[in-house]
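What follows is each chain in one-letter form.
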Number of protein chains: 2
Amino acid sequence: MIILGVDPGSRLTGWGILEARGPAFTRHVDNGVIALGNGALPARLLKLMNSLEMIVSKYGPNVVAVEGVFTAKNARSALVLGHARGVALLVAAKNSLDVFEYAPAKIKKAIAGSGRAEKFQVQTALQLVLGLPEPAQADAADALAVAFCHASNMCREKILKGVST
Amino acid sequence: MIILGVDPGSRLTGWGILEARGPAFTRHVDNGVIALGNGALPARLLKLMNSLEMIVSKYGPNVVAVEGVFTAKNARSALVLGHARGVALLVAAKNSLDVFEYAPAKIKKAIAGSGRAEKFQVQTALQLVLGLPEPAQADAADALAVAFCHASNMCREKILKGVST
């Protein structure tokens, strides 16, 4: 199973591709960050869609994993995040990919052993577990982490049946 | 100039098409509501994109007008609204349509003469001004109102140069 993890943002969107064969084998395939530039929001969203479509086309994921947003700093930042997240979910639906979302604490626990792990701990744990030559960039690490969560038994036990928000 | 007004929502998205010829002539072309059903959010967003694409293809608008979201009840509702709004902006960018956003009070003032007009006052004013046989459905009325705002001098005076959020 090929898992595409996405960490949507209206400026930077992280992505990560993992291959999972059974609960014990997870292989890092690729990761990166889509820089959407400083243009108007509609143009950035179009760039995001086109970039995600290219990633889907190149790696042929079977599922998409995203962090569930259960809290947000404020309504304004939630709204802007929602724009990018909506495009990511749209690309999944366009390609008939099921979307799974996981709580941030669940993701951190799956990769770093604690739901309260700091960002650098998640990045370090990912580097070790996935055998990365260096820590992934922060947004790409978030995307790899949610993909890893989907691959791991810990998250699969409490799988959410798609996004129903 | 053909204006597509959109009132995005993750369950119901209103739309309205107006034709504006100069500041004094605005003609109602069509309006409606896209019902996105009760499926998973990604599927609803895909339906929204496809429906908006059909509307763009059918009416050939020159611009898209949306309400600017300057307040939101809470972060959760802002996030969900953002998903649908992101898809609307994306469709605009895909079709090379400029997007203009207007403050809710500005829209109400343009159509009903007061920035604090109630929803039914906006609906009634729209019916009178556009010569509709009956009041538009609430979401469609919001879409027609923002399109009318774009058509009117009142809003064009303080035009926002695209969405830069």
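Refer to the structure printed above.
Participant: Before we go on, may I ask you to explain the overall build of chain A in this structure?
Facilitator: Scanning chain A from N- to C-terminus turns up 6 helices and 5 strands. Its helices and strands taken in sequence order, chain A reads β-β-β-α-β-α-β-α-α-α-α from the N to the C terminus. Taking all 165 residues of chain A together, 55% fall into the buried category. A total accessible area of about 7200 Å² is found for chain A, and carbon and sulfur atoms account for 53% of it.

Participant: Quick question: what am I supposed to make of helix α4 (residues 119-130) of chain A here?
Facilitator: Because the α-helix completes a turn every 3.6 residues, residues three or four places apart line up on one side. Residues and elements named next belong to chain A. With 12 residues, α4 extends 16 Å between its outermost C-alpha atoms, agreeing within 8% with the 16 Å of an ideal straight helix rising 1.5 Å per residue. For α4, the full list of buried residues reads Val122, Gln123, Ala125, Leu126 and Leu130. Taken end-on, α4 shows its buried residues confined to a sector of 165 degrees, consistent with a single buried face. The exposed residues of α4 that point more than 90 degrees off its buried face are Phe120 and Leu128. Buried residues belonging to α4 abut β2 (12-21), β3 (25-35), α3 (104-112) and α5 (138-151). In the segment just after α4, Gly131 is the residue with positive phi, at about 65 degrees.

Participant: Is there a simple way to think about the packing of helix α3 (residues 104-112) of chain B against helix α5 (residues 138-151) of chain B in this case?
Facilitator: How two helices pack is summed up by the angle between their axes together with the distance between the axes. All names here are of chain B. At a minimum axis separation of 9 Å, α3 and α5 run at an interaxial angle of 80 degrees. Relative to α5, the element α3 lies roughly perpendicular. Where α3 approaches α5, its residues Lys106, Ile107, Ala110 and Ile111 are matched on the opposing element by Ala145, Val146, Phe148 and Cys149. Looking at side-chain class alone, the contact of α3 with α5 contains 7 nonpolar, no polar and 1 charged residues.

Participant: Sorry, what's going on with the interface of chain B and chain A here?
Facilitator: One widely used convention gives an interface's size as the accessible area the parts lose upon coming together. Counting from both sides, the interface comprises 32 residues of chain B and, opposite them, 32 residues of chain A. For the pair chain B and chain A, the interface holds 0 salt bridges. Only α1 (41-59) and α2 (75-94) of chain B provide two or more residues apiece to the side of chain B that touches chain A. Take the side of chain B that touches chain A: its biggest share by element is 15 residues, from α2(B).

Participant: Sorry if this is basic, but what is going on with the pairing of strand β5 (residues 98-102) of chain A here?
Facilitator: Two faces belong to every sheet, and in a regular strand the side chains alternate between them. Residues and elements named next belong to chain A. In terms of burial, β5 is largely enclosed, as 4 of its 5 residues are buried. Relative to β5, strand β4 (residues 63-67) is paired through 5 bridges, and the arrangement is parallel. Bridged to Val66 within β5 is Glu101.

Participant: Is there a simple way to explain the sheet that holds β4(A) in this structure?
Facilitator: Hydrogen bonding along the main chain pairs the strands of a sheet, whether they run parallel or antiparallel. Residue and element names in this part refer to chain A. Strand order across the open sheet formed by 5 strands is β3-β2-β1-β4-β5, with mixed pairing between neighbours. Single-partner strands in this sheet number two, and they are β3 and β5. Within this sheet the neighbouring strands show an average axis-to-axis angle of 25 degrees, counted without direction. One ladder, built from 6 bridges, connects strand β1 (residues 2-7) with β2; its direction is antiparallel. Residue Asp7 lies in a different strand from β2, and its bridge partner there is Gly14. Running at roughly 155 degrees to β3, helix α1 (residues 41-59) makes contact with β1, β2 and β3 of the sheet. In the packing of α5 onto the sheet, the strands contacted are β1, β2, β3, β4 and β5, and the crossing angle to β2 comes to about 30 degrees.

Participant: In this structure, what is going on with the sheet that holds strand β2 (residues 12-21) of chain B? I would like to understand it.
Facilitator: Residue and element names in this part refer to chain B. Strand order in the open sheet formed by 5 strands is β3-β2-β1-β4-β5, and the pairing between neighbours is mixed. Edge positions in the open sheet fall to β3 (25-35) and β5 (98-102), since each of these has one partner strand only. Between one strand axis and the next, the sheet turns by 25 degrees as a mean value, whatever way the strands run. Those strands touched by α1 are β1 (2-7), β2 and β3, and its axis lies near 155 degrees from that of β3.

Participant: Help me understand the packing of aromatic side chains in this model?
Facilitator: Aromatic ring pairs are reported here in terms of the distance separating the ring centres and the angle at which the planes meet. All names here are of chain B. As enumerated under the stated definition, the model contains 2 aromatic pairs over all chains in all. Ring geometry for Trp15 against Tyr59: centres 5.8 Å apart, planes inclined by 40 degrees, an arrangement best described as tilted. Here Trp15 is found in strand β2, whereas its partner Tyr59 is found in helix α1, with 44 residues between them in sequence. Of the two residues examined, Trp15 and Tyr59, each falls in the buried class.

Participant: Hey, could you run me through the pattern of salt bridges in this one?
Facilitator: A side chain with one charge may pair with a side chain of the opposite charge, provided their charged atoms come close. Residues and elements named next belong to chain A. Under the definition given, this model contains 10 salt bridges over all chains. Of the charged contacts in the structure, one is a salt bridge between Asp142 and Lys119, with a shortest N-O distance of 2.9 Å. You can see Asp142 sitting in helix α5 and its partner Lys119 sitting in helix α4, a full 23 residues away along the chain. Judged by relative accessible area, Lys119 falls into the partly exposed class, the value being 45%. A single salt-bridge network, built from bridges that share partners, covers Glu19, Arg21 and Arg27.

Procedures and definitions
- Residues numbered from 1 in each chain as written.
- Chains lettered and ligands numbered in written order.
- Predicted model: local features only at pLDDT ≥ 70, side-chain atom pairs only at ≥ 80, totals over all residues.
- Heavy atoms only, no water.
- Helix = DSSP H or I, 4+ residues; strand = E, 2+ residues; numbered from the N terminus.
- Buried < 20%, exposed > 50% of the residue type's maximum accessible area, 1.4 Å probe, protein only.
- Areas by Shrake-Rupley, 256 points an atom, 1.4 Å probe, with all protein chains shown as cover.
- Expected span 1.5 Å × (residues − 1).
- Arc of directions from axis to C-beta.
- Contact = heavy atoms within 4.5 Å.
- Axes fitted to C-alpha atoms, helices over the stretch in contact; angles between N-to-C directions.
- Parallel < 35°, antiparallel > 145°, perpendicular 65-115°, else oblique.
- Nonpolar A, V, L, I, M, F, W, Y, C, P; charged D, E, K, R; others polar.
- Salt bridge = Lys/Arg side-chain N within 4 Å of Asp/Glu carboxyl O.
- Pairing = 2+ DSSP bridges.
- Phe/Tyr/Trp six-rings, centres within 6.5 Å; stacked < 30°, edge-to-face > 60°.

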